[in-house]
Amino acid sequence: MPGISMRYIVDDVDAAVEFYTRHLGFSVALRPAPSFAILTRDGFRLFVSGMTGPGGASQAMPDGRKPEPGGWNRIQIEVGDLEAKVTTLRQAGARFRNEIVQGIGGKQILLDDPAGNPIELFEAPKR
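Residues numbered from 1 in each chain as written. Predicted model: local features only at pLDDT ≥ 70, side-chain atom pairs only at ≥ 80, totals over all residues. Heavy atoms only, no water.

1. Quick word on the pattern of salt bridges
Test applied: Each salt bridge in this description consists of a side-chain nitrogen of Lys or Arg and a carboxyl oxygen of Asp or Glu lying within 4 Å of one another. Only protein chains enter the area calculation, which uses a 1.4 Å probe; residues under 20% of their type maximum are buried, those over 50% are exposed, and those in between are partly exposed. Under the scheme used here, helices are H or I runs from DSSP no shorter than 4 residues and strands are E runs no shorter than 2 residues, and both carry numbers assigned from the N terminus.
Under the counting rule described, the total for this entry stands at ten salt bridges. Here D42 makes a salt bridge to R41, at a shortest N to O gap of 3.3 Å. Using a relative accessible area of 73% as the deciding quantity, one classes D42 as exposed. You can call R41 partly exposed: its relative accessible area is 23%. Of the charged contacts, one joins E120 and R74 as a salt bridge, the two residues approaching to 2.9 Å between their closest N and O atoms. With a gap of 46 residues between them, E120 in strand β9 (residues 118-123) and R74 in the loop between β4 (44-50) and β5 (75-78) connect regions that are remote in the sequence. Judged by relative accessible area, E120 falls into the buried class, the value being 8%. Salt bridges linked by common partners bring E83, K107, E123 and K126 together as one network.

In structure tokens:
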């Protein structure tokens, strides 16, 4: 499977699959085990890996650190109407880390997936 993918560590793969497919337009490309799924959207691949399981993603590092969800690195998803998307997600019970921020490059907000991994929703400036 050549190409570039991003992996998120999650505490509940089923909840992650439901969240990304229901709210953010991803499709399930492969679900070979309960602790792993490959989701796709617009040519992008997101691997969601559980915190336990036989794969390497959940294994402790030599110094004892264990992979866990919720860091600050994030995927960015562009939307046409950020306010409308935020309203819809809030009504569905989604959690956000902040409010919409307006900058010179557009507007953004940080949405947490069910495991606490951030997704940046971004709206480019109108031209």
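2. A word on the packing of aromatic side chains
Two numbers describe a pair of aromatic rings. These are the distance of the centres and the angle of the planes. Selection rule: Pairing of aromatic side chains requires ring centres within 6.5 Å, counting the rings of Phe and Tyr and the six-membered ring of Trp. Pairs whose planes differ by under 30 degrees are stacked, by over 60 edge-to-face, and all others tilted. Throughout this description, the term charge over a ring refers to an Arg CZ or Lys NZ atom that lies within 6 Å of the ring centre and within 35 degrees of the ring normal.
Summed over the entire model, instances satisfying the criterion amount to four aromatic pairs. Ring geometry for F19 and Y20: centres 5.4 Å apart, planes at 85°, overall edge-to-face. Summarising the burial analysis for this pair, F19 and Y20 share the class buried. Centroid distance Y20 to F26: 5.4 Å. Interplanar angle 85°. Geometry classified as edge-to-face. Judged by its relative accessible area of 0%, Y20 falls in the buried class. One aromatic cluster is present, built from ring pairs that chain together F19, Y20, F26 and F44. Between R97 and the ring centre of W72, over which it is positioned, the NZ or CZ distance is 4.2 Å.

3. Observations concerning unusual backbone geometry
The phi angle at D42 is positive, at roughly 50°, despite the residue not being glycine. With respect to the secondary-structure elements, D42 resides in the loop between β3 (36-41) and β4.

4. Looking at helix α1 (residues 13-23)
Applicable threshold: We call two N or O atoms a polar contact when they sit within 3.5 Å, provided that within protein one can donate a hydrogen and the other can accept it, with sequence-adjacent residues counted only if both atoms are side-chain atoms.
Those residues of α1 not exposed but buried are V13, A16, V17, F19, Y20 and H23. Two or three places before D14, at the opening of α1, D12 has a side-chain oxygen 3.1 Å from that residue's backbone nitrogen. Two residues or fewer past α1, G25 is found with a positive phi of approximately 75°.

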